[in-house]
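Summary of the model geometry
The residues making up each chain are set out below.
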There are 2 protein chains.
Amino acid sequence: MSVIDVHTHVYPPAYMDLLRSRNAVPYVRSFPDDPAAGDRLVILPAEDTPSTFRGRPIGPEYYDIKEKISFMDAHGIDISVISLANPWLDWLPPSSASETARAINDDVERVCAESGGRLYAFGTLPLSAPAEEVVAEVARLSKLKHMRGVIMGSTGLGSGLDDPALEPIWGALEKCEQLIFLHPHYGLPSSVYGPRADEYGHVLSLSLGFPLETTIAMTRMFLSGVFDRFPNLNVLVAHSGGTLPFLAGRIESCIAHDAHLKKGGISKKRRDLWEVLKKNIYLDAVIYNEVGLSAAIAASGADRLMFGTDNPFFPPLDPEEPVWPSVTLNSYAVEGAVDKREDREAIMGDNARRVLRLPG
Amino acid sequence: MSVIDVHTHVYPPAYMDLLRSRNAVPYVRSFPDDPAAGDRLVILPAEDTPSTFRGRPIGPEYYDIKEKISFMDAHGIDISVISLANPWLDWLPPSSASETARAINDDVERVCAESGGRLYAFGTLPLSAPAEEVVAEVARLSKLKHMRGVIMGSTGLGSGLDDPALEPIWGALEKCEQLIFLHPHYGLPSSVYGPRADEYGHVLSLSLGFPLETTIAMTRMFLSGVFDRFPNLNVLVAHSGGTLPFLAGRIESCIAHDAHLKKGGISKKRRDLWEVLKKNIYLDAVIYNEVGLSAAIAASGADRLMFGTDNPFFPPLDPEEPVWPSVTLNSYAVEGAVDKREDREAIMGDNARRVLRLPG
């Protein structure tokens, strides 16, 4: 069985240089009053306070591609489709965004080209640049040999994925057959976690903020009719869809019972969410348990799930541990949830190979 | 097969009088500039603006118990366990909260007593009152013949369900064997829905805000160790647990990978979320599709799911329709998701009968 990891992140050299040069979120910094903390990566405003969980340690596993290959070897991963780790490039100054994106994408393409077939990638779009520059980068990416789509956050051009200003970009992605890897970053406003959130480390923001952000972003994109206007647009949704497979029934019921929507607020020819889940949406299998994975498969089909690791995030707490539990939780979930050997092979690698046109 | 509805709401007369007497959320009001709108119930601040979706019509289906019985007859429901519709009583002035709660609970108890065995109820706690008064109302409720627990929102005493000040109340509920019916009300901050939210009617706040609020509230309650300290506390979680069954794997993985929690931020003897889902949590079967329902059953067990309707919310858009699709979606989901007849009967009624000590 060949194993392909579609959810695995890097900070290429050009991006590390940028993060180190900054002194506001997102950035890499050290803490003179706590030298033992080493270099820390601070990617969210809520992490940028003196607390028990200020940022996270950042070492070569984030930027040294040899570490990625070692990790792949240790976990039996044949091919990784790498993507920039969050945050992406929606925060860059508009005037330099395209140039920065090109430099980072070229860095990533070069790393893939030198990997001997082990690495492919999702590119990154300069979303703060004018739309025509974003469209140009979509076209350029589609001609790079190792690029297989783009990673994108939930904010789009600043107003979310239901923003009409995104239409030319959806059109370009559809036309160039570039898959969108939709990934959360901002989470939810910290007020929802209450006054004790710090006591729970990163648990609330990572385990809930991330998938709930994804769920809201995808639902807004769906409700705005993007998949009706761009029926061949494909989205790989991180973390098995956030919670979309579980909530799709409730979302469809709320649509069916909404007086305002019945009056014409939504297209009568709209495709329902179940159809979109089976035609436009792919889900990674990064859900850490077979209960969630089974629901994801039931929603989208065993031919639309793709194994992932989220490396280098969620390393073992014991650095001596050679095999990462965050990886085996997901591979065991595939074994536990899927009866047919053929379906297991599809999820572990064959789906990614087919959808992302990978060799082997 | 007998059918018991554990998720069905009323505004008893004492509560309607209160809502009509107010001029701020929550309240019942008419709109002089739009007489056709009739009486409108406005329960959320976001609804209290001139928009396409200001509040919702409120008629006898909310307060006339004859309508509830007719609805039950039309849908083959033998027994309903009624609860106050949101919002509950966390917003009352502290000095009068207990008195108001007693009046409302007595109203509900009287309605049940006069129903000839068709109605039982979850009471409501005066959460803005001093803790000892809340504890006293728990004890009083446990002696009323038709009360089977309490309905509760996600805010507790104002700081969420992980607030240490709730401990005496959890203790009283555990001691008096009163089930908590945990139900969302506040949703999420409206900023997460973006500038186009109004175009989607109530869909985002109802289909996502509600279950995501529930998920966060339950996760905070779990992380704070409530179920370790009160191992016999039982919670019936609305809408099949929000999204808890789907996300439980990710939550446990985030806990297992959190350096801060490993340092001692969480009890080493803690029971994990899967155990709590199978020992302390019951789930209603209000999820509108078999994908979500199957995940809920896989998480908690077919012996812990209980059928519900959410009546009088989600009526058919065509008022002539005699059978509500919002009800049949849920009963069809039970048929579709559950193979064994015995398990279907358990979910449709037998579990509620056993857990809530109902006759028949």
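Parameters and conventions
- Residues numbered from 1 in each chain as written.
- Chains lettered and ligands numbered in written order.
- Predicted model: local features only at pLDDT ≥ 70, side-chain atom pairs only at ≥ 80, totals over all residues.
- Heavy atoms only, no water.
- Contact = heavy atoms within 4.5 Å.
- Buried area = accessible area lost by both parts, 1.4 Å probe.
- Salt bridge = Lys/Arg side-chain N within 4 Å of Asp/Glu carboxyl O.
- Polar contact = N/O pair within 3.5 Å; in protein donor to acceptor, adjacent residues only side chain to side chain.
- Helix = DSSP H or I, 4+ residues; strand = E, 2+ residues; numbered from the N terminus.
- pLDDT = per-residue confidence, 0-100.
- Buried < 20%, exposed > 50% of the residue type's maximum accessible area, 1.4 Å probe, protein only.
- Least-squares fit on C-alpha atoms with pLDDT ≥ 70 in both.
- Pairing = 2+ DSSP bridges.
- Arc of directions from axis to C-beta.
- Core = buried A, V, L, I, M, F, W, Y, C linked by side-chain atoms within 4.5 Å.
- Phe/Tyr/Trp six-rings, centres within 6.5 Å; stacked < 30°, edge-to-face > 60°.
- Right-handed = clockwise from strand over helix to strand, strands pointing away.

Across the boundary between the two partners, chain A contributes 68 residues, which contact 68 residues of chain B. The three residues of chain A that bury the most area against chain B are Phe-246, Arg-250 and His-257 of chain A, which together make up 15% of that side's buried surface. At the boundary of chain A and chain B, one finds zero salt bridges. Applying the counting criterion to the chain A and chain B interface returns 16 residue pairs in polar contact (both at pLDDT 80 or more). The element contributing the most residues to the side of chain A that touches chain B is helix α7 (residues 203–223) of chain A, with 13 residues.

What follows deals with the confidence of the model for chain A. Summary statistics for chain A give a mean pLDDT of 94 and a share of 98% for residues scoring 70 or more. Both confidence scores are given for the complex: pTM 0.96, ipTM 0.96.

Residue and element names in this part refer to chain B. Relative to the elements of secondary structure, Phe-230 occurs in the loop between α8 (226–229) and β9 (235–237). Given the relative accessible area of 10%, Phe-230 is considered buried. For the pair Phe-230 and Leu-208, spaced 22 residues apart in sequence, the C-alpha separation works out to 30 Å. When residues no more than four places from it in sequence are discounted, the contact partners of Phe-230 are Glu-167, Trp-170, Gly-171, Glu-174 and Asn-280.

Before going further, it helps to spend a moment on the relation of the copies chain A and chain B. Least-squares fitting of chain A to chain B yields an RMSD of 0.0 Å, with the transformation described by 0.0 Å of translation along the axis and a rotation of 180°. Look at the turn and shift together and you get a two-fold axis relating the two. In this assembly, 100% of the residues forming the interface of chain A have copies in chain B that are likewise at the interface, indicating an isologous arrangement.

On to the sheet that holds strand β6 (residues 119–124) of chain A, then. Residue and element names in this part refer to chain A. Spatially, eight strands are ordered β1-β5-β6-β7-β8-β9-β10-β11 in an open sheet, and the strand pairing comes out parallel. What marks the edges here is a single partner per strand, and that holds for β1 (4–10) and β11 (305–306). Two elements, strand β10 (residues 281–284) and β11, share two bridges in a ladder whose sense is parallel. Looking across to β11, one finds that Leu-283 is bridged to Leu-305.

Attention now goes to helix α5 (residues 131–141) of chain B. All names here are of chain B. Residues of α5 that are buried include every one of Val-134, Glu-137, Val-138 and Leu-141, and no others. Considered in projection along α5, the buried side chains sweep an arc of 105° and stay on one side of the axis. Buried-residue contacts for α5 involve α4 (94–113), β6 (119–124), β7 (147–152) and α6 (167–175).

For the rest of this paragraph, the subject is the nonpolar core. Grouped together as the largest cluster of nonpolar side chains are 246 residues, with contacts concentrated most on Tyr-11 and Trp-170 of chain A together with Tyr-11 and Trp-170 of chain B. Residues contacting Trp-170 of chain B, with those up to four places away along its chain left out, are Met-152, Leu-161, Ile-180, Met-221, Val-226, Phe-230 and Leu-233 of chain B.

Overall, the coordinates contain 24 salt bridges over all chains when judged by the stated rule. Glu-137 of chain A is the partner of Arg-140 of chain A in a salt bridge, and the nearest nitrogen-oxygen pair spans 2.9 Å. In this pair, Arg-140 of chain A and Glu-137 of chain A are both assigned in helix α5 (residues 131–141), three residues apart and thus about one turn of the helix distant. Taking relative accessible area as the criterion, Arg-140 of chain A reaches 24% and is therefore assigned partly exposed. Residue Glu-137 of chain A is classed as buried on the basis of its relative accessible area, which comes to 3%. Between Asp-162 of chain B and Arg-220 of chain B there is a salt bridge, with the nearest N and O atoms lying 2.9 Å from each other. Of this pair, Asp-162 of chain B sits in the loop between β7 and α6 while Arg-220 of chain B sits in helix α7 (residues 203–223), and the two are 58 residues apart along the sequence. Judged by relative accessible area, Asp-162 of chain B falls into the buried class, the value being 2%.

All names here are of chain A. According to the stated counting rule, one finds 12 aromatic pairs over all chains in the structure shown. A ring pair is formed by Tyr-11 and Tyr-62, whose centres lie 5.8 Å apart and whose planes are at 20°; its orientation type is stacked. Taken as a pair, Tyr-11 in the loop between β1 and α1 (13–21) and Tyr-62 in helix α2 (residues 60–63) lie far apart in primary sequence, 51 residues in all. With 5.4 Å between their ring centres and 45° between their planes, Phe-122 and Phe-181 make a pair best called tilted. One end of the pair, Phe-122, is in strand β6; the other, Phe-181, is in strand β8 (residues 179–182), with 59 residues separating them in the sequence. Given the relative accessible area of 0%, Phe-181 is considered buried. Grouping aromatic residues by their ring pairs yields a cluster made of Tyr-11, Tyr-15, Tyr-62 and Phe-313.

A few words on the pairing of β10 of chain A. Within a regular strand, the side chains alternate between the two sheet faces. Residue and element names in this part refer to chain A. Here β10 shows no split at all, with Ile-281 and Leu-283 on one side and Tyr-282 and Asp-284 on the other all buried. Relative to β10, strand β9 (residues 235–237) runs parallel, the two sharing three bridges. Across the sheet, Val-235 pairs through a bridge with Ile-281, a residue of β10. In terms of handedness, the path from β10 via helix α13 (residues 290–300) over to β11 forms a crossover that is right-handed.

For the rest of this paragraph, the subject is the pairing of strand β5 (residues 79–84) of chain A. Residues and elements named next belong to chain A. Most of β5 sits inside the fold, with six of its six residues counted as buried. Side chains Ile-79, Val-81 and Ser-83 of β5 all project onto a buried face; the interleaved residues Ser-80, Ile-82 and Leu-84 project onto the opposite face, where all are buried too. In terms of strand pairing, β5 meets β6 through four bridges, oriented parallel. From the neighbouring strand, Ser-80 faces β6, where its bridge partner is Leu-119. At this point the chain moves from β5, through helix α4 (residues 94–113), to the parallel β6, and the crossover so formed is right-handed.

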